[in-house]
Amino acid sequence: MSMLDLRDVTRDVLLPDDRVLHILRGVTLSVAAGEHVAVVGRSGTGKSTLLNILGLLDAPTAGEYLLEGTPVTALSNRRRTRRRGQDFGFVFQQFHLLPGRTALENVAAPLLYAAGRQFWHRRDLAASMLDRVGLGDRLDTMPEKLSGGEQQRVAVARALVRGPRVILADEPTGALDVETGQQIMDLLDDVASETGAALVTITHDLAVAARARRHYRLVDGVLVPVDVGGAGRVADWVGDVPTHLPVGRTHLPELGPSVPAQVQP
Ligand SMILES: Nc1ncnc2c1ncn2[C@@H]1O[C@H](COP(=O)(O)OP(=O)(O)OP(=O)(O)O)[C@@H](O)[C@H]1O
Ligand SMILES: [Mg+2]
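In this text the structure is predicted, and so the values were computed from the model without any measurement.

Side note on the site of ligand 1
Here is step 1 of the chain: Close to ligand 1 lie Val 13, Leu 21, Ile 23, Gly 41, Ser 43, Gly 44, Thr 45, Gly 46, Lys 47, Ser 48, Thr 49 and Gln 93, which account for all nearby residues.
Here is step 2 of the chain: Mapped by element, the contributors of at least two residues to the shell around ligand 1 are β2 (20–31) and α1 (47–54).
Here is step 3 of the chain: Considering each element in turn, the shell around ligand 1 owes the most residues, 3 residues, to α1.

Right under this line is the structure:
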């Protein structure tokens, strides 16, 4: 059974001028425990909206979302909130760290709702996760004093500290240099395999996307599977940006820093 199962999900929003914006137009996606799925797509195509629905932060307008076989609409608000806290680790695109709380307090925050050992050892667990993102010496620093990349790493540590069964990462390396980004993706993959989590990564960076087992591109509100092993790979991945990279060029400015060898034309 799939951990996450979206069936023909749409998401519409009503604009102030009474027009309806169709953000998602029928998204079908299944992600099993232990699977890593990547979604790429141009800015404004609905990637964060999709992740918010998967993370129970937003509801589909139509279609069905089954969480381990149970329609989320069958869960009470209380139960949905509890599932979100217990089972989901969310790396927000805008980090959403708590201001005025130290890095350690931010990372320990999800464990305040945990039971037993996780609750009592929350500071040790948070410190150890901050160490894994390379911030073991910044435990008592406030987020506003940290660089963008450091804040992003705190956000990653917070998402992982409870050992989630579902990890939803929205541009998790967006503020990081290539090398630190690779280390953070290693960590996401490591924690996902430690807990057997389903991992969904949204990214503009093809090198990050290439680490996933399955790949999708969000186009006009529809998820299109991408076969990175097939012909015309870069065209598949990036849509309408030029596919004729000059020889030796490994950089698509619209998409982020690097194109991995396996997706170069
Ligand atoms: N509540 C809302 N009200 C109005 N418009 C919205 C709302 N939520 C999302 N949108 C619009 O829907 C579109 C998709 O937004 P979303 O944040 O999902 O895009 P994205 O693919 O994550 O973009 P980016 O790559 O820039 O992060 C955007 O045009 C956005 O302005
Ligand atoms: Mg987004």
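Observations regarding the pairing of strand β3 (residues 36–40)
Here is step 1 of the chain: Of all 5 residues in β3, 5 are buried, a share of seventy percent or more.
Here is step 2 of the chain: Residue alternation in β3 divides its side chains into two sets, His 36, Ala 38 and Val 40 and Val 37 and Val 39, and both sets are buried.
Here is step 3 of the chain: Where β3 lies against strand β8 (residues 198–202), 4 bridges are found, and the strand directions are parallel. Bridge pairing in β8 places Val 37 opposite Val 200.
Here is step 4 of the chain: Note: β3 against strand β9 (residues 214–219), 4 bridges, orientation parallel. In the strand pairing of β9, Val 40 is matched with Arg 217.

Thoughts on the confidence of the model for the chain
Here is step 1 of the chain: Taken residue by residue, the chain gives an average pLDDT of 88. The fraction at 70 or more is 86%.
Here is step 2 of the chain: Confidence drops under a pLDDT of 50 for residues 240–265, and excluding neighbours within four residues, the segment shows 36 contacts in the predicted structure.

What to know about helix α6 (residues 148–160)
Here is step 1 of the chain: Between its first and last C-alpha, α6 extends 19 Å over 13 residues, near the 18 Å set by a 1.5 Å rise per residue.
Here is step 2 of the chain: With 11 of 13 residues buried, α6 lies mostly within the body of the structure.
Here is step 3 of the chain: Here the buried face of α6 lies against β6 (88–91), α3 (103–108), α5 (122–132), β7 (166–170) and α7 (178–195).

Focus on the sheet that holds strand β10 (residues 222–226)
Here is step 1 of the chain: The sheet built from 6 strands is open, its strands ordered β6-β7-β8-β3-β9-β10 with mixed pairing. Sheet topology places β6 and β10 at the edges, where each strand pairs with a single neighbour. Mean inter-strand twist for the sheet, computed between neighbouring axes without regard to direction, equals 20 degrees.
Here is step 2 of the chain: Lying on the sheet, α7 is in contact with β3, β7 and β8; it crosses β7 at an angle near 165 degrees.

Observations concerning the sheet that holds strand β4 (residues 62–67)
Adjacent strands of a sheet pair through backbone hydrogen bonds, lying either parallel or antiparallel.
Here is step 1 of the chain: One open sheet holds the 4 strands; their spatial order is β2-β1-β4-β5, and the pairing between them is antiparallel. Two strands in the sheet have a free side with no partner beyond their single neighbour: β2 and β5 (70–71).
Here is step 2 of the chain: Pairing analysis gives 5 bridges linking strand β1 (residues 4–14) to β4, with the strands arranged antiparallel. Among the inter-strand pairings, Leu 6 is bridged to a residue of β4, identified as Tyr 65.

Describing the nonpolar core
Here is step 1 of the chain: Counting 69 residues, the largest nonpolar core has Val 107, Ala 126 and Leu 130 as the members making the most contacts within it.
Here is step 2 of the chain: By residue number, the principal contributor to this core is α6, which donates 6 residues.

Remarks on the pairing of β6
Here is step 1 of the chain: Residues of β6 alternate between two faces, with Phe 88 and Phe 90 on one and Gly 89 and Val 91 on the opposite face, all of them buried.
Here is step 2 of the chain: With 4 bridges joining them, β6 and β7 adopt parallel strand pairing. Note on β7: the bridge partner recorded for Val 91 is Ala 169.

Overview of the packing of α6 against α7
The description of two helices packed together rests on the angle between their axes and the distance between the axes.
Here is step 1 of the chain: Following both chains from N to C, one finds α6 and α7 inclined at 5 degrees, their axes separated by 11 Å at the closest point. Taken together, the axis directions place α6 and α7 in an arrangement best described as roughly parallel. Between α6 and α7, the contacting residues are Gly 149, Arg 153, Val 156 and Leu 160 on the first element and Thr 180, Ile 184, Leu 187 and Val 191 on the second.

Describing α5
For the α-helix, the turn length of 3.6 residues means that residues three or four positions removed from each other point alike.
Here is step 1 of the chain: Of the residues making up α5, those classed as buried are Arg 122, Leu 125, Ala 126, Ala 127, Met 129, Leu 130 and Arg 132.
Here is step 2 of the chain: Where the residues of α5 are buried, they touch α3, α4 (116–120), α6 and α7.
Here is step 3 of the chain: Backbone geometry just downstream of α5 places Gly 134 in the positive-phi region, at approximately 85 degrees.

The rules behind each value
- Residues numbered from 1 in each chain as written.
- Chains lettered and ligands numbered in written order.
- Predicted model: local features only at pLDDT ≥ 70, side-chain atom pairs only at ≥ 80, totals over all residues.
- Near = placed C-beta within 6 Å.
- Helix = DSSP H or I, 4+ residues; strand = E, 2+ residues; numbered from the N terminus.
- Buried ≥ 20, exposed ≤ 12 C-beta atoms within 10 Å, placed from the backbone.
- Pairing = 2+ DSSP bridges.
- pLDDT = per-residue confidence, 0-100.
- Contact = placed C-beta atoms within 7 Å.
- Expected span 1.5 Å × (residues − 1).
- Axes fitted to C-alpha atoms, helices over the stretch in contact; angles between N-to-C directions.
- Core = buried A, V, L, I, M, F, W, Y, C linked by C-beta atoms within 7 Å.
- Parallel < 35°, antiparallel > 145°, perpendicular 65-115°, else oblique.

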